[in-house]
Structure formats: structure tokens, C-alpha cells
Amino acid sequence: MAQIEIKVPDIGDFKEVEVIEVLVSPGDVLSVEQSLITVESDKASMEIPCSHAGKLISLAVKVGDKVSEGTVLGVVDADAQEGAKEMGAEGVKSPTEEAVSAASFASADTPSSAEKSTSSEAVSAPAGTAPLPTLATASAPTVVAASASSASGSSNIPTNLPHASPSVRKFARELGVDLNQVKGSGPKGRITQLDVQGYVKSVMSGTNASPSGQAASAGSGVGLDLLPWPQVDFAKFGPIDPKPLSRIKKISGANLHRNWVMIPHVTNNDEADITDLEALRVQLNKENEKAGIKLTMLAFLMKAVVAALRKFPEFNASIDGETLVLKKYFHIGFAADTPNGLVVPVVRDVDQKGVMDLATETSEMAKRAREGKLSPSEMQGGCFSISSLGGIGGTHFTPIINAPEVAILGVSKSAMKPVWNGKEFVPRLTLPLSLSYDHRVIDGAAAARFNAYLGQLLSDFRRIAL
Ligand code: CAO
């Protein structure tokens with residue numbers, strides 16, 4: 001039996017740090033880099049990895065013990081491995097490297113790249129299958145446990161984080177639990193795995209307690225406090241035909257739901273006089289009939305939107321924590337109705353394209369969207385979206401913002417309306433514009449200005465050149 005002592009590797013400046021969690025028990029078969037214990041200083045907590053694979057024969061530490069570099073944590077029998085390999089000579093990391101790579105400081109709240117790829121896999125189209133809508137952006141993460149953006153100075157160690165070890169943070173992240181909502185029962189209020197489990201149970205049973213210990217009943221301001229979804233036996237009331245939701249519907253539905261719930265939406269409704277623009281469009285289409293390119297209202301809308309985004313840059317932005325990221329590029333998404341559900345192809349660099357090119361590109365993309373042939377990258381990177389229901393009908397509607405964008409334009413069916421010109425009512429073709437905006441970023445007055453400006457551009461398209 002090859003017995004090997006497992007010791008605390010070089011953990012930098014940390015000395016005599018307290019063991020706050022023991023993650024293994026004697027008899028466990030350990031693999032290299034598996035976390036053994038969690039230690040905590042007054043600044044950070046980190047997990048100590050195992051340097052050798054094997055069966056843990058004895059454990060030399062318990063919660064509350066103080067450890068430093070070189071402290072023996074236990075003994076493994078290296079002959080008793082279940083598929084776990086001891087670190088080979090080439091792959092050996094120095095204890096320092098190991099400690100650094102495996103010691104997850106409290107900033108482990110930010111999903112690791114592996115976790116990130118898992119969460120984006122959940123919204124990325126597997127090869128050979130129908131692509132996914134931009135509404136299901138690959139940037140959509142699973143709900144993270146807590147914000148780790150408050151790194152102080154040059155230190156890597158964030159402050160103001162809920163007090164929990166990396167493994168508990170990971171556990172919470174996997175369950176989508178916000179650690180800020182969990183009350184810690186450990187020393188100094190540290191949140192343990194049991195606390196997280198207890199929180200999940202209480203949420204499931206509808207009796208979840210807030211950090212202050214109060215039951216989160218309706219109106220407590222914690223969570224959504226929603227009633228469970230009604231369970232109805234529809235067949236009791238008449239014949240039914242249950243059909244599973246399409247993959248796109250499931251993913252876009254989840255994203256729409258998140259966007260609707262998380263973004264404070266307000267919709268500004270306005271109208272544009274497009275009498276002259278429609279006359280121009282019809283005229284140009286007549287002239288270009290032989291070329292087979294149909295100039296669409298959507299193409300003009302895209303150009304007008306870009307001009308408005310230039311004038312009101314906060315509409316071409318995204319919230320990133322406490323920063324507003326203003327974009328210098330103009331990629332515009334448009335909602336396309338497909339047999340499998342809603343997708344949002346994104347046209348790149350609309351500012352650099354003419355209306356003819358945009359009409360060609362959008363109709364080609366819409367066609368491929370309906371055939372399920374768009375690649376995920378063609379549905380990413382949008383700055384602003386347009387949802388045009390004008391070819392179908394309706395007067396106004398409330399489009400849902402396509403996060404992380406901050407605004408979306410809904411366009412309904414144009415109609416001839418009598419408009420007072422100061423002397424008489426004249427028939428004008430009027431286009432309804434519904435601009436939904438994220439009120440965290442955009443004020444109501446700015447939205448009204450944006451929409452009014454858009455209306456002016458569409459009424460007199462020459463203004464685009466100004
Ligand atoms: N008012 C009146 N008529 C309009 C119009 C408007 N705002 N916009 C387009 N039309 C007319 C066009 O003139 C055209 O008529 P003709 O066939 O007589 O020439 C017809 O509607 C089709 O227009 P189009 O070819 O320009 O296509 P479009 O721009 O209407 O649509 C696309 C393209 C991809 C936006 C559309 O196919 C689509 O999928 N729309 C649905 C979007 C959607 O689902 N939004 C909701 C998202 S939130 O749930």
C-alpha cells in the first residue's frame with residue numbers, strides 16, 4: 001500500500017487559517033485537484049485541493065483547526081484509485097500553481113469559463129439542428145448567486161459578498177440561488193450548504209425566509225412571491241390535443257420571461273406620417289421591378305433607427321453591472337416569425353449599408369430564419385431590435401426588450417388617417433410606432449424624443465442625410 005501524506009500547498013500569505021469546511025471523509029476515493037477542505041482568513045476563503053489521487057485512509061483536520069503551508073491534511077492510499085490518476089510527471093503543477101488554480105477566492109461567484117460554456121450551451125444550437133433566436137442570447141447566464149463586482153483597489157478579493165465558501169457558492173449557483181437571500185447559520189453568519197438547501201426547501205414550500213428571518217409573504221419585496229402555476233385537467237372540460245413546445249419556443253420563452261420580469265419596461269406610442277416615404281418606396285419598387293429586389297419598409301426603418309441611435313446614444317447601450325456600455329457600432333435585429341417560433345436575426349453595420357442592401361439582406365435572412373438555417377452568430381451582437389407586425393395588422397403593441405439591449409421598436413400596420421394641417425383634414429398614411437425602453441437607462445422624456453425624432457425622419461427621409 002503506497003501511503004502518501006497530503007499537505008497544504010503554498011497558499012501565499014495565508015498562515016494559520018481556519019478550516020471552515022471539510023469536504024471529504026475517510027474512505028473516499030479522491031482525485032487530483034479534488035477540493036479537500038475550505039479555509040478562511042479574515043479576507044477570503046479558498047478551497048485546498050488534493051495533490052494525489054487515492055483512497056483517503058485518514059483525515060488529520062477538522063472544522064475549526066488552523067492550517068498553514070505544509071500542514072498534513074490526511075493520508076491517501078495511492079494504490080486504491082478508481083480511475084483517478086496521480087498527477088504524471090509532465091502534468092505536475094507546483095503546489096503554488098495548484099493552490100492558485102484550485103483556490104477559488106470569493107470571486108468564484110463569477111461563473112468559471114466551464115460553467116459559462118455550460119450555461120451558454122443551454123442556449124446555443126447544437127450543430128445540425130435549428131438555430132436559436134437571439135432572444136435566447138448566448139450571453140444569457142444562469143442566475144448567479146451574488147454580485148462579485150466590488151473588487152476593492154488592486155486586490156482580487158471582493159468585498160460585500162455574502163459570507164460563504166467557494167463550494168457553497170458553486171452549489172448555490174448551480175441551483176440558481178441568490179446567496180444574498182440566504183441567512184447563514186455558520187460562525188460569523190457564514191452560509192453553509194445546509195443553509196442553501198434549507199432556503200431552496202422553504203422556497204419550494206412557499207415559506208421562504210428572507211435574510212432578516214421574516215417570511216417572504218406577498219408584498220415583502222423579496223422574490224416574486226408568485227402563486228404556483230394552475231394545474232388543470234383540461235380534458236375534463238372538452239377534447240384536447242397536447243403538443244410539446246418547440247425548442248425555439250422553450251428557449252425564447254424563457255428569455256422573454258426573464259426580460260419581461262427583470263427589465264422595467266415602458267412603451268412610448270407615437271405615429272409617423274409615411275405618406276411620402278411609402279410613395280417613394282412604391283416608385284422605387286416599380287423602377288427596380290426587373291432587378292427583382294423589393295424595397296421594404298423594414299429597410300427604411302432600420303436606416304431611420306440608426307440615425308436616431310446616433311442622436312440618442314443611450315439607446316445604443318447595455319447595462320453591465322453598474323456601467324452603461326455605449327456602443328459605437330450599429331447592429332440591428334429584426335423579429336422574424338418562423339414556423340417554430342420567434343427568432344431575431346441581426347444585420348451588422350446597418351450604418352454602412354444602403355436601403356437596397358438592407359432590403360436584400362433582411363429578406364434573405366428572414367427566409368433562412370424560416371428554414372431554420374441561421375447560424376447562432378447571425379443572431380448575436382444586436383444593439384437594438386425592430387419588431388414589425390405591419391404586414392399583419394394591429395394598431396400598437398408592447399414589444400419586449402431583447403436583453404441586453406435597452407430598447408425595441410414595435411411597428412404596426414400603417415393606415416390612412418385624416419390629419420389636420422391647420423386649414424383642413426388631409427388623408428395621410430400613418431405608421432404606428434411603439435418604443436419599449438428600459439426605464440433604468442432611459443427616461444420617459446428621452447423615449448418620447450427618440451420616437452418623435454424617428455417619426456420626423458420617416459416623414460421626411462431626406463433628414464437622414466443631415
Ligand atoms: N404597414 C402596412 N403594411 C405593411 C407594413 C406596415 N407597417 N409593413 C409591411 N407591410 C406590407 C408590405 O407593404 C407588404 O405588402 P405587399 O405584399 O402588398 O407588398 C407586406 O406587408 C409584406 O411586407 P414585407 O415583405 O416588407 O415584409 P415585412 O417587413 O412586413 O416582414 C418580417 C418581414 C421578417 C419582419 C416578417 O416576415 C415577420 O416575420 N414579421 C413578424 C415579426 C414578429 O413576429 N414580431 C413580433 C415579435 S414579438 O412577439
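Up top you'll find the structure we're talking about.
Bear in mind that the values here come from a model prediction, so they are computed numbers and not experimental data. (Residues numbered from 1 in each chain as written. Predicted model: local features only at pLDDT ≥ 70, side-chain atom pairs only at ≥ 80, totals over all residues. Heavy atoms only, no water.)

Draft legend 1. Inspection of the overall build of the protein at higher detail. Of the regular secondary structure elements, the protein holds nine helices and 19 strands. The buried share of the protein, taken over its 466 residues, is 42%. Of the contacts made within the protein by residues no fewer than 6 positions apart, 64% connect residues no fewer than 24 positions apart. By element, 55% of the accessible surface of the protein is carried by carbon and sulfur atoms, the whole surface being about 24,600 Å². (Helix = DSSP H or I, 4+ residues; strand = E, 2+ residues; numbered from the N terminus. Buried < 20%, exposed > 50% of the residue type's maximum accessible area, 1.4 Å probe, protein only. Contact = heavy atoms within 4.5 Å. Areas by Shrake-Rupley, 256 points an atom, 1.4 Å probe, with all protein chains shown as cover.)

Draft legend 2. Inspection of helix α4 (residues 193-204) at higher detail. Relative to the 16 Å expected for 12 residues at 1.5 Å per residue, α4 spans 17 Å between its end C-alpha atoms, a close match to the ideal helical length. Those residues of α4 lying buried are Asp-195, Val-196, Tyr-199 and Ser-202. For α4, the angular spread of the buried residues around the axis is 125°, confining them to a single face. Along α4, exposed side chains directed more than 90 degrees from the buried face belong to Leu-194, Lys-201 and Met-204. Tucked inside the fold, the buried residues of α4 contact α3 (166-175). (Expected span 1.5 Å × (residues − 1). Arc of directions from axis to C-beta.)

Draft legend 3. Up close: the sheet that holds strand β3 (residues 29-30). Spatially, β1-β8-β6-β3 is the arrangement adopted by the four strands of the open sheet, whose pairing is antiparallel. Unpaired on one side and paired on the other, β1 (3-7) and β3 mark the two borders of the sheet. Bridge analysis of β1 against strand β8 (residues 72-77) gives five bridges, and the strand direction is antiparallel. Residue pairing for β8: Gln-3 is matched across the bridge by Asp-77. (Pairing = 2+ DSSP bridges.)

Draft legend 4. Structural view of the site of the ligand. Surveying the vicinity of the ligand reveals 21 residues, the closest of which are Asp-337, Ser-387, Gly-391, Ser-412 and Ser-414. One of the side-chain nitrogen or oxygen atoms of Lys-294 is found 3.3 Å away from an oxygen atom of the ligand. Asp-337 places a polar main-chain atom, nitrogen or oxygen, 2.7 Å from an oxygen atom of the ligand. In isolation the ligand offers 960 Å² of accessible surface; the protein chains occlude 66% of this area. For the shell around the ligand, the secondary structure elements donating two or more residues are β13 (336-338), α8 (355-370) and β16 (384-388). (Near = heavy atom within 4 Å. Polar contact = N/O pair within 3.5 Å; in protein donor to acceptor, adjacent residues only side chain to side chain.)

Draft legend 5. Spotlight on the packing of helix α7 (residues 297-311) against helix α9 (residues 444-459). Where α7 meets α9, the closest approach of the two axes is 9 Å, and the angle between their N-to-C directions is 135°. Taken together, the axis directions place α7 and α9 in an arrangement best described as oblique. In the packing of α7 onto α9, the handedness of the crossing is right-handed. Between α7 and α9, the residues in contact are Phe-300, Leu-301, Ala-304, Val-305, Ala-307, Ala-308, Leu-309 and Lys-311 and Phe-450, Tyr-453, Leu-454, Leu-457 and Leu-458, respectively. (Axes fitted to C-alpha atoms, helices over the stretch in contact; angles between N-to-C directions. Parallel < 35°, antiparallel > 145°, perpendicular 65-115°, else oblique. Left-handed = near helix turned anticlockwise from the far one by under 90°.)

Draft legend 6. Region of the structure containing the nonpolar core. Counting 56 residues, the largest nonpolar core has Phe-315, Phe-384 and Leu-458 as its most contacted members. In terms of residue count, the dominant contributor to this core is α7 (12 residues). Formed by 21 residues, the second largest nonpolar core is a distinct cluster that contains Ile-4, Val-19, Ile-48 and Leu-73. (Core = buried A, V, L, I, M, F, W, Y, C linked by side-chain atoms within 4.5 Å.)

Draft legend 7. How the structure looks around the pattern of salt bridges. Summed over all chains, the structure comprises 14 salt bridges. Note that Lys-353 and Glu-361 form a salt bridge whose closest N and O atoms lie 3.0 Å from each other. Assessed through its relative accessible area of 22%, Glu-361 is described here as partly exposed. A single network of salt bridges, built from pairs that share partners, joins Asp-273, Asp-276 and Arg-428. (Salt bridge = Lys/Arg side-chain N within 4 Å of Asp/Glu carboxyl O.)

Draft legend 8. Spotlight on empty space enclosed by the protein. For the structure shown, the criterion picks out two cavities of 30 Å³ or more. The volume enclosed by the second largest cavity comes to roughly 40 Å³. Ile-6, Val-24, Leu-36, Ile-37, Leu-56, Leu-59, Val-61, Leu-73 and Gly-74 together form the lining of the second largest cavity. Secondary-structure elements contributing two or more residues to the lining of the second largest cavity are β4 (35-40), β6 (54-59) and β8. Class assignment of the residues belonging to the lining of the second largest cavity gives a composition of eight nonpolar, one polar and no charged. (1 Å grid on protein atoms, 1.4 Å probe; cavity = no way out; pocket = protein on both sides within 12 Å on 5 of 7 lines; lining within 4 Å. Points joined across faces, edges and corners; volume = space filled by probe spheres on them. Nonpolar A, V, L, I, M, F, W, Y, C, P; charged D, E, K, R; others polar.)

As far as function goes, none of this settles anything; it's purely spatial.
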